[in-house]
Amino acid sequence: MWGSARIELLHGVNLDQLGSRDPTHYGSLTLTQLEAGVRQYAAARGFQLSCFQTNHEGVYVERLHAARDSVKGLILNPGAWTHYSYAIRDALELTGLPAVEVHLSDVQEREEFRRHSVIGELCVATVAGKGVDGYVEAVEILAKEMSS
Ligand code: DQA
């Protein structure tokens, strides 16, 4: 979509396994299906959504570095890195971009270690426990943020 603002959706470690991970936490969609749904929603709202997933922390960090000059907002689900990666936190801070943290599962209601996010305070919002709808909500939050 020519001229529309770009948003980047970045999935981290193990999220390529959606569809075979515990469906009670993560639902039954594959990552490809999830991304297609969010991309379609974003396009209808006038945004171009680029999607990326990696199981390598340094690659995730480098993708954040590159996002600085190429997109206007970020939707981040770093998976388990959420809870301990200061490298990802620092890279996010460097972007200076508005970001929404999304988790498919309700991280506050699971194991203790999932309750803490090292990126949360750098994000304009966190949406958790709403499955794929959480990503749709994130697009709406970013739309508002980017227009203000
Ligand atoms: C997750 C929650 C994390 O705690 C977990 O390590 C994941 C997925 C989620 O989307 O619910 O891999 O980010």
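In this text the structure is predicted, and so the values were computed from the model without any measurement.

Calculation notes
- Residues numbered from 1 in each chain as written.
- Predicted model: local features only at pLDDT ≥ 70, side-chain atom pairs only at ≥ 80, totals over all residues.
- Heavy atoms only, no water.
- Helix = DSSP H or I, 4+ residues; strand = E, 2+ residues; numbered from the N terminus.
- Polar contact = N/O pair within 3.5 Å; in protein donor to acceptor, adjacent residues only side chain to side chain.
- Expected span 1.5 Å × (residues − 1).
- Buried < 20%, exposed > 50% of the residue type's maximum accessible area, 1.4 Å probe, protein only.
- Arc of directions from axis to C-beta.
- Contact = heavy atoms within 4.5 Å.
- Near = heavy atom within 4 Å.
- Nonpolar A, V, L, I, M, F, W, Y, C, P; charged D, E, K, R; others polar.

Visitor: Can you explain the environment of Glu8? Please cite residues and give values.
Guide: Topologically, Glu8 is positioned in strand S1 (residues 5–11). At a separation of 2.7 Å, a polar atom in the side chain of Glu8 contacts the side chain of Ser50.

Visitor: Give me helix H3 (residues 57–70): which residues, what numbers.
Guide: Taking 1.5 Å of rise per residue, the 14 residues of H3 would be expected to cover 20 Å, and the 20 Å separating its terminal C-alpha atoms lies within 8% of that figure. Buried residues of H3: Tyr60, Val61, Leu64 and Ala67, and no others. The arc that holds every buried residue of H3, seen down its axis, measures 110 degrees, which confines them to one face. Opposite the buried face of H3, at more than 90 degrees from it, the exposed residues are Glu62 and Asp69. Looking at the buried residues of H3, the elements they touch are S1, strand S3 (73–77) and helix H4 (86–95).

Visitor: Hey, could you go over the site of the ligand for me, with residue numbers and the actual values?
Guide: Arg21, Tyr26, Asn77, Gly79, Ala80, His83, His103, Leu104, Ser105, Val107 and Arg114 make up every residue found near the ligand. Contact distances for the ligand include 2.6 Å between an oxygen atom and a side-chain N or O atom of Ser105. Class assignment of the residues belonging to the shell around the ligand gives a composition of four nonpolar, five polar and two charged.

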